[in-house]
Amino acid sequence: MIHRLARTLNRDFRPEPVAVSSPQGRFAAEAALLDGHRLNHAEARGKHLFIHFDNPEPEHIVYVHLGLIGSFRFEEEDSLWGQIRLRFEAQGDADLPTANLRGPQFCRLITEEEYEAMLGRVGEDPIREDANPDALWARVHASRRSIGSLMMDQKLYAGVGNIYRAETLFRQHVSPFLPGNKLDRTEFDALWQDLVTLMRYGVEAGRIDTVADAHTPEAMGREPRKDDHGGEVYVYRRAGQPCYVCGQPIALKVMEGRNLFWCPGCQPD
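Residues numbered from 1 in each chain as written. Predicted model: local features only at pLDDT ≥ 70, side-chain atom pairs only at ≥ 80, totals over all residues. Heavy atoms only, no water.

### Some details on the overall build of the chain
Piece 1. Check the secondary structure of the chain and you find 8 helices and 10 strands.
Piece 2. What you see for the chain is a C-alpha radius of gyration of 20 Å, in line with the 18 Å of a compact globule of 269 residues.
Piece 3. If you line up the chain on its principal axes, its C-alpha atoms span 55 × 45 × 30 Å.
Piece 4. For the chain, with 269 residues in total, the buried portion stands at 51%.
Piece 5. Residue pairs in contact within the chain that sit at least 24 positions apart in sequence constitute 59% of those at least 6 positions apart.
Piece 6. Carbon and sulfur atoms provide 48% of the accessible area of the chain, an area that totals close to 13,100 Å².
Piece 7. If the 32 positive side-chain charges of the chain are averaged to one point and the 40 negative ones to another, these points end up 7 Å apart. (Helix = DSSP H or I, 4+ residues; strand = E, 2+ residues; numbered from the N terminus. Rg over C-alpha atoms; globule rule 2.2 N^0.38 Å. Buried < 20%, exposed > 50% of the residue type's maximum accessible area, 1.4 Å probe, protein only. Contact = heavy atoms within 4.5 Å. Areas by Shrake-Rupley, 256 points an atom, 1.4 Å probe, with all protein chains shown as cover. Lys, Arg positive; Asp, Glu negative; His and termini not counted. Charge placed at Lys NZ, Arg CZ, Asp CG, Glu CD.)

Have a look at this one:
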């Protein structure tokens, strides 16, 4: 998760100068401008990562978007496998791991003006304390698009991905096909608060768990979930399997190019 990544960068790569390089070579010129400078702070805005450096160049903020296949891993110094676009090495502590960025959708060096313009296009992030759900409600309530579609729009719900969309809609018994302008404020507030709770827990725990105590593997006497994403969930990637609550098969439909999972019994149209 991007917020967890920003937290680790802030903890391990400040305040000493940072060695910045691009073993792959595609970010070499930009890395040379940052090499030896201090990392002021890293911050997450939804799925966007901004890493601010103290060098005086106009372009001094690294913007990263991992996309679907990118990764930013903290590894041993000799971990040079794959195509490393960007590499950070803390100069003040040899025992700290290096940070290796591979396969991002975007990795750019931007100015303060570009940074501010990008923030203007980012929606409300449930993990951030400065999020404004009232502003989000106004936009959702004015839309005829389905709530399942709106929750995947990063200009509205920043950082909410496919898992959190499916799980919060299930937990709040809201049909993913309900138009935004048919969602009432009580339902909207419940969805928002659930996103805040689940996503902040995910930052702390480093995994996504959405099931209540009554539906854990131990409580139900079932096998734990086995999936690359980890964690226990109600509907995500459980198409055809029985709902833990009502027993109906979990449904699957492609919505705007992404798989949508829901329970027809618990989330009727």
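### Considerations on the packing of helix α1 (residues 2-12) against helix α7 (residues 185-205)
Piece 1. Look at α1 against α7: their axes get within 8 Å of each other, and the N-to-C directions meet at 40°. Viewed along their axes, α1 and α7 adopt a mutual orientation that is oblique. Considering only the axes of α1 and α7, their crossing is right-handed. The residues of α7 that touch α1, namely those facing H3, R4 and R7, are V203, E204 and A205.
Piece 2. When grouped by side-chain class, the residues that make up the contact of α1 with α7 number 2 nonpolar, 1 polar and 3 charged. (Axes fitted to C-alpha atoms, helices over the stretch in contact; angles between N-to-C directions. Parallel < 35°, antiparallel > 145°, perpendicular 65-115°, else oblique. Left-handed = near helix turned anticlockwise from the far one by under 90°. Nonpolar A, V, L, I, M, F, W, Y, C, P; charged D, E, K, R; others polar.)

### Notes on the sheet that holds strand β5 (residues 71-75)
Piece 1. Taken together, 4 strands build an open sheet; the order of strands is β1-β6-β7-β5 and the sheet is antiparallel. Looking at which strands have only one partner, the edges of the open sheet turn out to be β1 (18-21) and β5. Strand-to-strand twist in this sheet, taken as the mean axis angle between neighbours without regard to direction, amounts to 15°.
Piece 2. Bridge count for β5 against strand β7 (residues 98-102) is 5 bridges, and the pairing is antiparallel. Residue pairing for β7: S71 is matched across the bridge by R102.
Piece 3. Each of β5, β6 (84-90) and β7 is contacted by α1, which is oriented at about 35° to β5, the strand it contacts most. (Pairing = 2+ DSSP bridges.)

### Regarding the packing of aromatic side chains
Piece 1. Per the stated rule, a full pass over the model turns up 13 aromatic pairs.
Piece 2. Seen from their ring centres, W137 and F188 are 5.3 Å apart, and the 55° between their planes marks the pair as tilted. Of this pair, W137 sits in helix α4 (residues 133-141) while F188 is found in helix α7, placing the two residues 51 residues apart along the sequence.
Piece 3. Each residue in the set F13, F53, F72, F74 and F88 is aromatic and connected to the rest through ring pairs, giving one cluster.
Piece 4. Between the NZ or CZ atom of R102 and the centre of the ring of W81, over which it lies, the distance is 3.5 Å.
Piece 5. The ring of Y244 has R238 sitting right over it, with the charged end atom 3.9 Å from the ring centre. (Phe/Tyr/Trp six-rings, centres within 6.5 Å; stacked < 30°, edge-to-face > 60°. Lys NZ or Arg CZ within 6 Å of the ring centre and 35° of its normal.)

### Side note on the domain arrangement of the chain
Piece 1. The assigned domain composition of the chain is domain 1 (1-120) and domain 2 (133-262).
Piece 2. Domain 1 and domain 2 are separated by 30 Å when their C-alpha centres are compared.
Piece 3. Taken residue by residue, the interface counts 6 residues in domain 1 and 12 residues in domain 2.
Piece 4. Around 720 Å² of area is buried between domain 1 and domain 2 when both sides are counted, 62% of it from carbon and sulfur atoms.
Piece 5. In terms of surface lost to domain 2, no three residues of domain 1 exceed M1, R4 and K47, which account for 62% of the buried area on that side.
Piece 6. Joining domain 1 to domain 2, the criterion identifies 1 salt bridge. (Domains from an automatic or database assignment. Buried area = accessible area lost by both parts, 1.4 Å probe. Salt bridge = Lys/Arg side-chain N within 4 Å of Asp/Glu carboxyl O.)

### With respect to the packing of α4 against α7
Piece 1. The contact between α4 and α7 brings their axes to 11 Å, and the two run at 130°. Judged on the interaxial angle alone, α7 and α4 are oblique. For the pair α4 and α7, the sense of crossing is right-handed. When α4 is examined against α7, the residues P133, D134, L136, W137 and V140 are found in contact with a partner set consisting of R185, F188 and W192.
Piece 2. Partitioned by chemical class, the residues of the contact of α4 with α7 number 6 nonpolar, no polar and 2 charged.

### Let's talk about the nonpolar core
Piece 1. Within the largest apolar cluster, 38 residues are counted, with the highest numbers of intra-cluster contacts made by V140, I147, Y157 and V235.
Piece 2. For this core, the leading source of residues is α7, giving 8 residues.
Piece 3. Apart from residues lying up to four places away in sequence, V235 is in contact with A166, E167, F170, I250, F261, W262 and C263.
Piece 4. Within the second largest apolar cluster, 27 residues are counted, among which are L5, L34, V64 and L86. (Core = buried A, V, L, I, M, F, W, Y, C linked by side-chain atoms within 4.5 Å.)

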